[in-house]
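What the coordinates show
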Amino acid sequence: MTDPDATSQLSVDGGTPTVLRVPAATDRLALVRAVVETALYIEDWVLDDVIDAKVAVDEICSQIIAAAVEGSSIQITLQMTDNGVAGEVRGDLVDGVTLDESSFGWRIVRTVTDSHTITYDDATGADSGRTVTIRFSKVRG
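Residues numbered from 1 in each chain as written. Predicted model: local features only at pLDDT ≥ 70, side-chain atom pairs only at ≥ 80, totals over all residues. Heavy atoms only, no water.

1. Thoughts on the overall build of the chain
- Helix and strand counts for the chain stand at 3 helices and 5 strands.
- Secondary structure elements of the chain, listed N to C terminal, follow the sequence β-α-α-β-β-α-β-β.
- Here the chain, with 141 residues, has 45% of them falling under the buried criterion.
- As displayed, the chain has an accessible area near 7,300 Å², and 49% of this comes from carbon and sulfur atoms. (Helix = DSSP H or I, 4+ residues; strand = E, 2+ residues; numbered from the N terminus. Buried < 20%, exposed > 50% of the residue type's maximum accessible area, 1.4 Å probe, protein only. Areas by Shrake-Rupley, 256 points an atom, 1.4 Å probe, with all protein chains shown as cover.)

2. Some points on a nonpolar patch on the surface
- A cluster of nonpolar residues, Tyr-41, Leu-47, Ile-51 and Val-55, forms a patch on the protein surface that exposes about 320 Å² of accessible area.
- If you tally residues by element for the nonpolar patch, the top one is helix α2 (residues 47–66), at 3 residues.
- Position of Leu-47 among the secondary structure elements: in helix α2.
- Note on Leu-47: relative accessible area 49%, which makes it partly exposed. (Patch = residues over 30% accessible without salt bridge, like charges linked within 9 Å, V, L, I, M, F, W, Y side chains within 5 Å. Salt bridge = Lys/Arg side-chain N within 4 Å of Asp/Glu carboxyl O.)

3. Brief notes about the packing of aromatic side chains
- What the rule picks out here adds up to 0 aromatic pairs.
- The ring of Tyr-120 is capped by Arg-130, whose NZ or CZ atom sits 4.3 Å from the centre of that ring. (Phe/Tyr/Trp six-rings, centres within 6.5 Å; stacked < 30°, edge-to-face > 60°. Lys NZ or Arg CZ within 6 Å of the ring centre and 35° of its normal.)

4. Here we look at the packing of helix α1 (residues 29–42) against α2
- Following both chains from N to C, one finds α1 and α2 inclined at 150°, their axes separated by 9 Å at the closest point. With respect to their mutual orientation, α1 and α2 come out roughly antiparallel. The chirality of how α1 crosses α2 is right-handed. Packed against α1, whose contacting residues are Leu-29, Val-32, Arg-33, Val-36, Glu-37, Leu-40 and Tyr-41, the element α2 presents Leu-47, Val-50, Ala-53, Lys-54, Val-57, Asp-58, Cys-61, Ser-62 and Ile-65 at the interface.
- A class-by-class count of the residues in the contact of α1 with α2 yields 11 nonpolar, 1 polar and 4 charged. (Axes fitted to C-alpha atoms, helices over the stretch in contact; angles between N-to-C directions. Parallel < 35°, antiparallel > 145°, perpendicular 65-115°, else oblique. Left-handed = near helix turned anticlockwise from the far one by under 90°. Contact = heavy atoms within 4.5 Å. Nonpolar A, V, L, I, M, F, W, Y, C, P; charged D, E, K, R; others polar.)

5. Thoughts on the pairing of strand β2 (residues 73–80)
- With 6 of its 8 residues buried, β2 lies for the most part within the structure.
- Alignment of β2 against strand β3 (residues 84–93), held across 7 bridges, turns out to be antiparallel. When the sheet's bridge partners are listed, Ile-74 is paired in β3 with Gly-91. (Pairing = 2+ DSSP bridges.)

6. What about α1?
- Compared with the 20 Å implied by 1.5 Å per residue over 14 residues, the 20 Å span of α1 between its first and last C-alpha is a close match.
- Buried within α1 are the following residues: Leu-29, Val-32, Val-36, Ala-39 and Leu-40. The buried residues of α1 occupy an angular sector of 100° when the element is viewed end-on, so they sit on one face.
- Those residues of α1 hidden inside the fold are in contact with β1 (18–23), α2, β2 and β3.
- Looking one or two places after α1, you find Asp-44, whose phi comes out positive at around 65°. (Expected span 1.5 Å × (residues − 1). Arc of directions from axis to C-beta.)

Right, here's the structure in full:
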């Protein structure tokens, strides 16, 4: 279940985050999953926790891609901590679109992460739509 205070339980040590920026296209999801999986395995995460985090990022990216401004990109940032990961996924949505938090996909995100938040900001470009930022955390096992 999602715990709004779970992110505060993570002690970010100031290490260098893993950052990936890719075109907002479904054919890039395999690359996103591979980077998330590799980053967590390097930190000696167990299989179940790696799968949870990978599924969460995949679903978040899929939701953004489905509503993304044509030609835009998504950026995924993973900040490893001693006891988990704090992540952020950012992309530009078509103007007026919001992500459906009542969908089955968001139910999965709520189930496999310890917290998640969604914020919307107006984009700076005239045809850019608006930027969505999803932050999540996953505490190890």
